[in-house]
Amino acid sequence: MRKKIIAGNWKMNKNLNEGADLVNELLEIITSSSMDVEVILGVPFTHLYMLASISDKFSVSAQNCSSQVSGAFTGEISANMIQSTGAKYVILGHSERRAYHQENNANLVKKVDLCLSHNLKVIYCCGELLSERNSGNHFETVKSQIEEALFHLNPEQISNIVIAYEPVWAIGTGVTASSDQAQEMHAYIRSIFKDKYGLNIGKYLSILYGGSCNPSNAHEIFSKEDVDGGLIGGASLNANDFSQIINAF
Ligand code: PGA
């Protein structure tokens, strides 16, 4: 069985007090029936340490890390620092970081390697722009994002990678990919991993959908064979919405 995962991506929202309130609310709602789903909260760096040890009902994830090991890089946060907070995951390659912070496949290779060498699992984001989908290049775009940043890894390392397919045109827009569009891309992504790493790796890789996922569309999207969960932005900021998404399988 593949692991089912619901990961929240808080982005740059919630100060420390607000974050603690949201998590407390969530902990009251998440029931034991939700527990065959791994819940991950992608929170700001400032929240990692406080939230990492609050409950075994969820793990925490950073939303980025430095491509450098340590040293004179003012304002950066290293993989080693993230690991020392108790965080288990790092979201890498999010389209907002690619768009606003010059994230590219070359520095993502370094970040992926640093996270894995610090026992941090990586939620690796990929996804096409609307113009790329409209011109029929969406498969090629996603393939190169995956190949260039991940395919230097060995099979054991790949088992610590989760893929999040997030079509850029669906992020924060209220426009979701249809469940068929999500399934088509997820099956394609799985096939790339099977071709490169063999059937078993492909079979056990968790592939999450992200982009305007909410309580009313989550069930339909998660019912698709190759969709193993979601990376949830806006709806993860509300405990009721997020818990409904956790229960949507
Ligand atoms: P959204 O964001 O759910 O608000 O569209 C998803 C993401 O950016 O991870």
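Quick caveat, the model's predicted, so the values are computed rather than measured.

(A) Looking closely at the overall build of the chain. Tallying secondary structure elements over the chain gives 12 helices and eight strands in all. Expected size for 249 residues packed as a compact globule is a radius of gyration near 18 Å; at 17 Å, the chain falls within 12% of this value. Along the longest, intermediate and shortest principal axes, the C-alpha atoms of the chain span 45 × 45 × 35 Å. A buried classification covers 52% of the 249 residues belonging to the chain. A separation threshold of at least 6 residues defines the contact pool for the chain, and within that pool the share at least 24 residues apart is 72%. Put simply, the chain shows about 11,100 Å² of open surface, and 49% of that area lies on carbon and sulfur atoms. Side-chain charges of the chain comprise 19 positive and 26 negative groups, with the mean position of each set lying 4 Å from the other.

(B) Looking closely at the packing of aromatic side chains. Counting across every chain of the model gives six aromatic pairs. Ring plane angle 20° and centroid distance 4.8 Å describe the contact between Phe 222 and Phe 249, whose orientation is recorded as stacked. In this pair, Phe 222 is assigned in helix H11 (residues 218–222) and Phe 249 in the segment after helix H12 (239–246), connecting sequence segments 27 residues apart. You can call Phe 249 partly exposed: its relative accessible area is 30%. The ring of Tyr 197 carries the charged tip of Lys 196 above its face, separated from the ring centre by 5.9 Å.

Quick notes on the rules
Residues numbered from 1 in each chain as written. Predicted model: local features only at pLDDT ≥ 70, side-chain atom pairs only at ≥ 80, totals over all residues. Heavy atoms only, no water. Helix = DSSP H or I, 4+ residues; strand = E, 2+ residues; numbered from the N terminus. Rg over C-alpha atoms; globule rule 2.2 N^0.38 Å. Buried < 20%, exposed > 50% of the residue type's maximum accessible area, 1.4 Å probe, protein only. Contact = heavy atoms within 4.5 Å. Areas by Shrake-Rupley, 256 points an atom, 1.4 Å probe, with all protein chains shown as cover. Lys, Arg positive; Asp, Glu negative; His and termini not counted. Charge placed at Lys NZ, Arg CZ, Asp CG, Glu CD. Phe/Tyr/Trp six-rings, centres within 6.5 Å; stacked < 30°, edge-to-face > 60°. Lys NZ or Arg CZ within 6 Å of the ring centre and 35° of its normal.

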